[in-house]
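# Report on the structure
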Amino acid sequence: MNSNRKPNRRDVLRAAAAMAAPSVIPASVLGAEDKPAASERIAMGLIGCGGRGSGVFRALVGRGAQPVAFCDAFKDRREAQAAQHKGTAHADFRDLLARDDIDAVLVATPEHWHVIHAIEACRQGKDVFCEKPLSLTMAESRAVLDAARRYDRVFQVGTQQRSDARFRLACELVRNGYIGEVKEVFADPGGTSRPCDLPAAPVPEGLDWDMWLGPAPWAPYHPDRCQNLFRWWHWRDYSGGLMTDRGAHDFDIVQWGLGMDGTGPVEVFPPDGKEFETLTYVYANGVKLKSGEKGWGAWRGRGASVVFTGTKGKVHVWRGGIETDPPELAGIKIKPDEIRLYESNNHEADFLECVRTRQRPVADVAIGASSVNVCHLGNIARWLNRPLKWDPDTLSFPHDEQANRYTWRPMRAPWRLES
């Protein structure tokens, strides 16, 4: 580090946080608006200006983030966002991250890019809000966690169900024993991805196709490879399919409710039409997690459904509601002396507040890493079509060289995985 460097805005924010009193009083308590003053706003960049990225970025700006710079392989997307927010457009994410006037970034690219963008952001001293799923492989999960810790960055993963009071209550009911000893959990994220064999098509003007591919193997352009979220997540070079897209939400709540953040199951069994009708995980304590393949929470027609079953009852939670058996559990108020989970009522606001206070957010990178690894574990079992034993501490399959090869993927030069 250059000791003669002039302090930039990030340095000022960090120093302010370090000198702050232990209790942080929101401006709203003092009669001011909830939106921070301009001098307190966090300057942000956006990498990945598609529909999801632009939507989450608007939410961050609505909570007081200051829009500064935008990057996308599609020229029209980055320029449209730059024009809307009166910022600057960049064709290369490294140019955006090298700027000294940016405090944090939102990474909202396809998942094969997430970790490279996030690690470089950490290295450049930026805090990170990364859309889910966090990684494409288990090795990437570990690398991005290592980088966030090495560079002491605030890192929120976009699993926003952790900022939903219904999911928090469901997990608190489970964690406090209101349904007895948990025996089984059900979630229905959907199926895996597959190899892509689409033919070549002309690259549209304004798209840097080589940059869109990035670390993925070279392949000819086709609009169904990249133009739409509901296309690229089908292909294994870029995504783990619905299993990682929806599973990053569903399994995240499973992990939260079971108290398994930072670890995971120890065995997984693919469907065999006999003993295991669905993909089934087993935790060290014997709890089974059963995963359906219909996707989009098709079970009972409710999105992001998770069902915890215990010896004394059930909790079923989804986006929009919670049901319990017995019914009165849904009205329980968790007592002060019981297990109370991190309370965040807005995912974007939680991230921005943690950037100011330097606390870890509700969906910290370590949480996102362990949750997405459950998704990767299920995909590997499906691809190999056989039971697997898993060590969540070492992120490896003991004495199983074939399975261990699926914990990482080579990257196309010049990109490489390093933290």
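Residues numbered from 1 in each chain as written. Predicted model: local features only at pLDDT ≥ 70, side-chain atom pairs only at ≥ 80, totals over all residues. Heavy atoms only, no water.

### With respect to the sheet that holds strand 8 (residues 267-269)
- One open sheet accounts for eight strands, arranged 13-12-11-7-10-9-8-14; its pairing is mixed. Two strands in the sheet have a free side with no partner beyond their single neighbour: strand 13 (321-325) and strand 14 (388-389).
- Both strand 7 (residues 182-187) and strand 10 (residues 288-291) contribute to a ladder of four bridges, which runs parallel. By the bridge assignment, Ala187 is partnered in strand 10 with Ser291.
- Each of strand 7, strand 11 (306-310), strand 12 (314-318) and strand 13 is contacted by helix 7 (residues 165-175), which is oriented at about 160° to strand 12, the strand it contacts most.
- In the packing of helix 14 (residues 365-384) onto the sheet, contacts are made with strand 8, strand 9 (279-282), strand 10 and strand 14, and the angle to strand 9 comes to roughly 125°. (Pairing = 2+ DSSP bridges. Helix = DSSP H or I, 4+ residues; strand = E, 2+ residues; numbered from the N terminus. Contact = heavy atoms within 4.5 Å. Axes fitted to C-alpha atoms, helices over the stretch in contact; angles between N-to-C directions.)

### Observations concerning the packing of helix 2 (residues 51-62) against helix 13 (residues 347-357)
- Between helix 2 and helix 13, the shortest axis-to-axis distance is 9 Å and the interhelical angle comes to 60°. When the axis of helix 2 is compared with that of helix 13, the two are oblique. Crossing geometry of helix 2 relative to helix 13 is assigned as right-handed. Across from Val56, Ala59 and Leu60 in helix 2, the residues of helix 13 making contact are Glu348, Phe351 and Leu352.
- By residue class, the composition of the contact of helix 2 with helix 13 is five nonpolar, no polar and one charged. (Parallel < 35°, antiparallel > 145°, perpendicular 65-115°, else oblique. Left-handed = near helix turned anticlockwise from the far one by under 90°. Nonpolar A, V, L, I, M, F, W, Y, C, P; charged D, E, K, R; others polar.)

### Some points on the packing of helix 7 against helix 12 (residues 247-258)
- With their axes 8 Å apart at the nearest point, helix 7 and helix 12 run at an angle of 35° to one another. Residues Phe167, Arg168, Cys171, Val174 and Arg175 of helix 7 touch helix 12, and the partners they reach there are Ile253, Trp256, Gly257 and Leu258.
- Each residue belonging to the contact of helix 7 with helix 12 can be placed in one class, and the counts come to six nonpolar, one polar and two charged.

### What about empty space enclosed by the protein?
- Considering all chains together, one arrives at three cavities of 30 Å³ or more under this definition.
- Looking at the largest cavity, the residues that line it are Leu136, Thr137, Met138, Gly240, His376, Asn379, Ile380, Trp383, Tyr406, Thr407 and Arg409.
- The biggest single contributor to the lining of the largest cavity is helix 14, with four residues.
- Residues of the lining of the largest cavity, tallied by class, amount to five nonpolar, five polar and one charged. (1 Å grid on protein atoms, 1.4 Å probe; cavity = no way out; pocket = protein on both sides within 12 Å on 5 of 7 lines; lining within 4 Å. Points joined across faces, edges and corners; volume = space filled by probe spheres on them.)

### A look at the confidence of the model for the protein chain
- On average, residues of the protein chain carry a pLDDT of 89, and 87% of them reach 70 or more.
- Between residues 1-33, whose pLDDT stays under 50, and residues either more than four places distant or in other chains, the model counts 32 contacts.
- Predicted confidence is poor over residues 296-300, with pLDDT under 50, and the contacts of this stretch with residues over four places away or in other chains come to 21 contacts. (pLDDT = per-residue confidence, 0-100.)

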